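Understanding the architecture of this molecule
What follows is each chain in one-letter form.
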Amino acid sequence: MSKQRKKQSSMALTISLTLFRVALLLFIVAAIIRIGESAYSITYRVVSDAAIAEEPGRDVSVTINSSMTDSDIAEILEKKGLVESASVFRIQLKVFQYDGELQPGSYILNTSMTPSEMMAEMAGEEESEDSDDD
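Moving on: a nonpolar patch on the surface. On the surface, Phe-20, Leu-24, Phe-27, Ile-28 and Ile-32 cluster together to form a nonpolar patch covering roughly 530 Å² of accessible area. With respect to the secondary-structure elements, Phe-20 resides in helix 1 (residues 2–48).

Extensive coverage of helix 4 (residues 115–122) is indicated by the burial of six of its eight residues. Those residues of helix 4 lying buried are Pro-115, Ser-116, Met-118, Met-119, Ala-120 and Met-122. Directly beyond the C-terminal end of helix 4, a positive phi value near 85° is found at Gly-124.

Turning our attention to the confidence of the model for the protein. Per-residue confidence for the protein gives a mean pLDDT of 89; residues scoring 70 or more make up 93%. Here helix 1 stands out as the element of the protein with the lowest mean pLDDT, 90, in contrast to helix 2 (residues 70–79), whose mean of 96 is the highest.

With that settled, the discussion passes to the packing of helix 3 (residues 86–95) against helix 4. Orientation of helix 3 relative to helix 4, taken along the N-to-C sense of each, is 65°, at an axis distance of 11 Å. The pairing of helix 3 with helix 4 is recorded here as roughly perpendicular in orientation. Classified by chirality, the crossing of helix 4 by helix 3 is right-handed. Contact residues: Phe-89, Gln-92 and Leu-93 in helix 3; Pro-115, Met-119 and Met-122 in helix 4. Class assignment for the residues of the contact of helix 3 with helix 4 results in five nonpolar, one polar and no charged.

To continue, consider helix 3. For helix 3, every residue scored as buried is listed here: Ala-86, Val-88, Phe-89, Gln-92 and Leu-93. Considered in projection along helix 3, the buried side chains sweep an arc of 155° and stay on one side of the axis. Buried-residue contacts for helix 3 involve helix 1, helix 2 and helix 4. One or two positions beyond helix 3, positive phi appears at Gln-97, with a value near 60°.

Let's shift gears to the packing of aromatic side chains. One pass over the full model with this rule turns up one aromatic pair. On the numbers, 6.2 Å between centres and 20° between planes, the contact of Tyr-40 with Tyr-44 is stacked. Placement of both Tyr-40 and Tyr-44 in helix 1 is noted, with a separation of four residues, approximately one turn of the helix.

This part is about the nonpolar core. Counting residues in hydrophobic clusters, the biggest one holds 21 residues, and the most contacted among them are Leu-77, Phe-89, Leu-102, Leu-109 and Met-122. Listed by contribution, the elements that provide at least two residues to this core are strand 1 (59–64), helix 2, helix 3, strand 2 (105–110) and helix 4. Ranked by residues supplied to this core, first place goes to helix 4 with four residues. With near-sequence residues (within four places) excluded, Met-122 lies in contact with Ile-64, Ile-73, Leu-77, Phe-89, Glu-101, Leu-102, Gln-103, Tyr-107 and Leu-109.

Criteria and cut-off values
Residues numbered from 1 in each chain as written. Predicted model: local features only at pLDDT ≥ 70, side-chain atom pairs only at ≥ 80, totals over all residues. Heavy atoms only, no water. Patch = residues over 30% accessible without salt bridge, like charges linked within 9 Å, V, L, I, M, F, W, Y side chains within 5 Å. Areas by Shrake-Rupley, 256 points an atom, 1.4 Å probe, with all protein chains shown as cover. Salt bridge = Lys/Arg side-chain N within 4 Å of Asp/Glu carboxyl O. Helix = DSSP H or I, 4+ residues; strand = E, 2+ residues; numbered from the N terminus. Buried < 20%, exposed > 50% of the residue type's maximum accessible area, 1.4 Å probe, protein only. pLDDT = per-residue confidence, 0-100. Axes fitted to C-alpha atoms, helices over the stretch in contact; angles between N-to-C directions. Parallel < 35°, antiparallel > 145°, perpendicular 65-115°, else oblique. Left-handed = near helix turned anticlockwise from the far one by under 90°. Contact = heavy atoms within 4.5 Å. Nonpolar A, V, L, I, M, F, W, Y, C, P; charged D, E, K, R; others polar. Arc of directions from axis to C-beta. Phe/Tyr/Trp six-rings, centres within 6.5 Å; stacked < 30°, edge-to-face > 60°. Core = buried A, V, L, I, M, F, W, Y, C linked by side-chain atoms within 4.5 Å.

In structure tokens:
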């Protein structure tokens, strides 16, 4: 009877370990899927360069000091409703090569502007409206 009890105990342990491994594997798979979804969402928001609102949008005044960092500017734009996420805007600054290029000054930005249009304006790059008519 002692051998049979050891065999049952060993079998129960094997089953428990197998169930634990399966549960751990499912947890890992779920975590990988969740991380992938988050990465996709952030990447999509970075490259989509979408405006918050459609035309005509709402004009918002923004003032940039010389002491402000790109992170400070991104936070202001998010608080004023010009961008959806300050962290995404900071990534877009690097992707669109405006990192460290935003100039101090007062700007009137619009919620219908894309982040790259706002960056161009705050970097001092004036877009010519006549260039679309050529």
